[in-house]
Amino acid sequence: FKANADGSYNFALSMLSLEASDRVTKNSFYPMVCRGLQDVNNTKKHAVHFETNKSSKGDQEVKFTMIAFETVASPLLIQAVKNFFDFSSLTATIPPILEVNADDLSDTLTDAIMDAWNGKNKQKQKWTLDMDVKAPILIVPENCTKSDALTIICNFG
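Residues numbered from 1 in each chain as written. Predicted model: local features only at pLDDT ≥ 70, side-chain atom pairs only at ≥ 80, totals over all residues. Heavy atoms only, no water.

(A) Representation of the pattern of salt bridges within the structure. Taken as a whole and assessed by the stated rule, the structure comprises 3 salt bridges. A salt bridge links E61 to K63; the shortest N-O distance between them is 3.7 Å. With relative accessibility at 30%, the residue K63 sits in the partly exposed group. (Salt bridge = Lys/Arg side-chain N within 4 Å of Asp/Glu carboxyl O. Buried < 20%, exposed > 50% of the residue type's maximum accessible area, 1.4 Å probe, protein only.)

(B) View of a negative patch on the surface. On the surface, a cluster of negative charge is made up of D104, D107, D111 and D115. Mapped onto the elements, D104 comes out in helix α2 (residues 102-122). (Patch = residues over 30% accessible without salt bridge, like charges linked within 9 Å, V, L, I, M, F, W, Y side chains within 5 Å. Areas by Shrake-Rupley, 256 points an atom, 1.4 Å probe, with all protein chains shown as cover. Lys, Arg positive; Asp, Glu negative; His and termini not counted. Charge placed at Lys NZ, Arg CZ, Asp CG, Glu CD. Helix = DSSP H or I, 4+ residues; strand = E, 2+ residues; numbered from the N terminus.)

(C) Looking closely at the sheet that holds strand β6 (residues 60-66). Taken in spatial order, the 5 strands of this open sheet run β1-β2-β5-β6-β8, and their pairing is mixed. Each end of this open sheet is capped by a strand with a single partner; those strands are β1 (2-3) and β8 (127-133). (Pairing = 2+ DSSP bridges.)

(D) Representation of the nonpolar core in the model. Within the largest apolar cluster, 7 residues are counted, these being L18, C34, A47, V48, M66, I67 and F69. In this structure, I67 is in contact with L18, G36, L37, Q38, K45, H46, A47 and K134, ignoring residues within four places of it in sequence. (Core = buried A, V, L, I, M, F, W, Y, C linked by side-chain atoms within 4.5 Å. Contact = heavy atoms within 4.5 Å.)

(E) Examining the sheet that holds strand β10 (residues 151-155) more closely. Taken together, the 5 strands give an open sheet; going across it, the order is β3-β4-β7-β9-β10, and neighbouring strands pair in mixed fashion. Where the open sheet ends on each side, the last strands, each with one partner, are β3 (20-21) and β10. Across 3 bridges, strand β7 (residues 69-72) lies against strand β9 (residues 137-141) in parallel orientation. By the bridge assignment for β9, T71 is matched with L138.

(F) Molecular detail of the side chain of T52. By secondary structure assignment, the location of T52 is in strand β5 (residues 48-54). Residue T52 is classed as buried on the basis of its relative accessible area, which comes to 10%. Here E61 takes part through its backbone oxygen, which lies 3.4 Å from a polar atom of the side chain of T52. (Polar contact = N/O pair within 3.5 Å; in protein donor to acceptor, adjacent residues only side chain to side chain.)

And the structure:
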């Protein structure tokens, strides 16, 4: 992240890989919970890349790229993650300022977009949005350790 005194900024975030192993399910037919579907020899392209820039004139540019990937919804892994993030024992309450109604959030977001658009119309600004997102493949097995288990495969491409 780089912010300048004139109000301009540059921000970029990249991930080289989307690989995650299932170390919970013993003898799984799906040892990778998530894996990128790109040529392994292609080291120039990141699995995920997000970049945003704003000039001192207010021109904005957003770039987002993501490779196709395959993810497995392993029942045992999902349960392990759910147990790991078990917050049922916490008794803390949410401060009223953080409680947000969905309608209020929608109105606030709409107002922010309209304000930005009205500001753009007062001063000539350029908005550039460049998205290159590949569709994922979702695999939902009934059981990851049985070869005859029912499996749903959703190819969103």
